[in-house]
Every structure is written in structure tokens, then in C-alpha cells.
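Single-letter residue listing:
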Amino acid sequence: MLVNRVKRKQIFQRLRDANPNPTTELNFSSPFELLVAVTLSAQATDKGVNKATARLFAVANTPETILALGEEGLKQYIKTIGLFNNKAKNIIAACRILVERHDSLVPRERSALEALPGVGRKTANVVLNTAFGQPTMAVDTHILRVANRTRLAPGKTPLEVEKKLLRFTPTEFLQNAHHWLILHGRYTCIARKPRCGSCIIEDLCEYKQKETD
């Protein structure tokens, strides 16, 4: 069962009031930097990615300059991040495609983004939303958990939850919704013991096993 339309609006209103301008916690200054950072963030913390990209982007923050580093050179900057060997391979391959097919620019179309090595649906959604302002929903483990616990958009898979959130989230909240839900899952509706006692939407949430702080 979903929360009703009135509660859905109230949930997003409260999240917006608490954080009017949410954004990713990854540091970036261009769509390309965001693409690289999100690619690196799979199975890694944003803090760890930011530490690595601070060093990397100081010397290489375009497809051409990262290609110039080469795969082995890139690894020296990202070796503190999990799965760095495979990520380096994918980023180099993606940079080559960007240079050869997209004039070194990050494409604004989902199909072109998902055709890049290492870029799946979630990464494409983050780039489309955060870099290009498209109302997409990047469903990670945090959003999957929050959507199911609250009953905003229950579903077994990220794609199922994504489709429901896009369908049921009021239009005025769509642009920032995935940031609010990610941050809520990261800091309040955490996996092992959700902080229900300090949750600003506790009374609107349909979670049955609420915790007390």
C-alpha cells in the first residue's frame, strides 16, 4: 500500500523546508567532472571519491587530459577507491568515446550516456538531473530503502521504485526529490537502526517497526 497523495505532498514539503536546495555531496565543477565522480562512487563513499578527485581534477579534468594520463596514470590518482582497476579502464574508454563521438562533451541524452563504459542507469540519472536539470530519479540503496519503508514507492528493484517515484512524486518536487531521499536515507532513515525519533516525517511514514532514539 502506498502513502496517500496528501501525505506524499506533505513528506516532500517537509524535506524541502528543511533543505531547500539539495545537491550531490560529490564535488564537481563541470558535467564531465560529475560523470567521473559518479562513476568512481560505485561501492565507494562520497568522501573517499572527493579526496581522490581533488588530486585528479587538479591535473586532469577533461576527457583529453585524462586520456593523456593513460590507464596506469589514472590509477595512481584513484587507487584508494574500491574497484579502481576496472573503473580506470571504463573511464579511459568513456573519455575516448567522448572525444571521438561527442566533441569531448558529456551528452544530455540517456541513451548516449548509458552507451559509455561504466555508466548505468543510475549514473545516467544523476548526471541528467544534477548536471543538466532533468527531473530524473537516481535510485540507489538509500532511496530503495526509504521508498519502501515510508511506502512512498514500494518496489523490489531500483527500476520499479524509480518508475513509481516518477509517477507519484508531485511535479513541483521532482527536480530535487532524489537528493532529498538520498540524504534522508544516508543520515536519518539509515539501514540498521533508523533514527525515527528525530525524523521530520515520522508521523507521515508507514514504517511499522519505528525506532526510538
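Rules used throughout
- Residue numbers run consecutively from 1 along every chain, following the written order of its sequence.
- Note on the predicted model: pLDDT of at least 70 is required for a residue's local features to be given, and 80 or more for side-chain atom pairs to be given and counted; whole-chain, interface and lining totals, by contrast, use all residues.
- In computing side-chain properties, one takes all heavy atoms of the structure into account and sets aside hydrogens as well as water.
- Put simply, DSSP marks the helices as runs of H or I at least four residues long and the strands as runs of E at least two long, and each gets a number from the N terminus on.
- Whether two residues are in contact is decided by their heavy atoms: any pair within 4.5 Å suffices.
- Put simply, two rings from Phe, Tyr or Trp (the six-membered ring, in Trp's case) pair if the centres are within 6.5 Å, and we call them stacked under 30 degrees between planes, edge-to-face over 60, tilted for the rest.
- Under the scheme applied here, a residue whose accessible area is under 20% of the maximum for its type counts as buried, over 50% as exposed, and between as partly exposed, the area being computed with a 1.4 Å probe on protein chains only.
- Distance and angle both matter: a charge sits over a ring if NZ of Lys or CZ of Arg is within 6 Å of the ring centre and within 35 degrees of the ring normal.
- In this analysis, the protein atoms alone were mapped onto a 1 Å grid. Cavities are point sets where a 1.4 Å probe fits without being able to get out; pockets are open sets with protein on both sides within 12 Å along at least five of seven lines; lining residues have an atom within 4 Å of a point.
- Grid points are joined across faces, edges and corners, and a volume is the space filled by probe spheres set on the points.
- The directions from the helix axis to the C-beta atoms form the arc being described.
- In this analysis, the expected span of each helix is defined as 1.5 Å times one less than the number of residues it contains.
- Given a residue, its bend is the angle between the two axes fitted to the seven residues that end at it and to the seven that start from it.
- By nonpolar core is meant a set of buried Ala, Val, Leu, Ile, Met, Phe, Trp, Tyr and Cys residues that side-chain atoms within 4.5 Å join together.

Focus: the environment of I78
Logical step 1: Along the polypeptide, I78 turns up in helix α4 (residues 63-78).
Logical step 2: Taking the C-alpha atoms as reference points, I78 and A88, ten residues apart in sequence, are found 7.8 Å from one another.
Logical step 3: For I78, the contacting residues outside a window of four places in its chain are L40, A52, L56, F84 and A88.

Quick word on the packing of aromatic side chains
Logical step 1: This model, assessed by the stated rule, comprises two aromatic pairs.
Logical step 2: Measuring from ring centre to ring centre gives 5.7 Å for F12 and F173, while their planes differ by 20°; the resulting arrangement is stacked. One end of the pair, F12, is in helix α1 (residues 5-18); the other, F173, is in the loop between α9 (158-168) and α10 (174-187), with 161 residues separating them in the sequence.
Logical step 3: Classification of F12 by relative accessible area gives buried; the value is 0%.
Logical step 4: Its relative accessible area of 0% is what places F173 among the buried residues.
Logical step 5: Aromatic rings pair up to connect F12, F173 and W180 into one cluster.
Logical step 6: Positioned above the aromatic ring of Y207, the side-chain terminus of R149 is 5.1 Å from the ring centre.

Focus on the layout of surface pockets
Logical step 1: In this structure, the largest pocket encloses a volume near 470 Å³.
Logical step 2: The wall of the largest pocket is formed by 24 residues, among which S41, D46, K122, D140 and R186 lie closest to the centre.
Logical step 3: Among the elements of the structure, α2 (31-41), α7 (121-131), α8 (141-150) and α10 are those that each provide at least two residues to the lining of the largest pocket.
Logical step 4: It is α10 that contributes the most residues to the lining of the largest pocket, five residues altogether.

Looking at α9
Logical step 1: Within α9, burial applies to V161, E162, L165 and F168. Projected down its long axis, α9 carries its buried residues within an arc of 150°, all on one side. The exposed set on the far side of α9, more than 90 degrees from its buried face, consists of K163 and R167.
Logical step 2: Where α9 is buried, its residues meet α1, α6 (110-114), α7, α8 and α10.

Topic: helix α3 (residues 46-59)
Logical step 1: Between the first and last C-alpha of α3 there are 20 Å, a value that for 14 residues agrees with the 20 Å anticipated at 1.5 Å per step.
Logical step 2: Residue T53 marks the point of greatest curvature in α3, where the axis turns by about 30°.
Logical step 3: Lining the buried residues of α3 we find α2, α4 and α10.

Notes on the nonpolar core
Logical step 1: Core analysis: the largest hydrophobic core is formed by 35 residues, its most contacted members being V36, L56, I66, L74, I78, L113 and L116.
Logical step 2: Elements with a minimum of two residues in this core: α2, α3, α4, α5 (84-101) and α7.
Logical step 3: Not counting chain neighbours up to four residues away, the residues in contact with L113 comprise V106, P107, V119, A124, V127 and L128.
Logical step 4: Of all hydrophobic cores here, the second largest spans 23 residues; its members include L15, I143, L165 and W180.

Quick notes on empty space enclosed by the protein
Logical step 1: Scanning the entire structure with this criterion turns up two cavities of 30 Å³ or more.
Logical step 2: By volume, the largest cavity is sized at about 100 Å³.
Logical step 3: Approximately 70 Å³ is the volume attributed to the second largest cavity.
Logical step 4: F32, L35, V36, T39, N90, I91, A94, C95, L98, P117 and V119 together form the lining of the second largest cavity.
Logical step 5: At the level of elements, α2 and α5 are the ones that each hand at least two residues to the lining of the second largest cavity.

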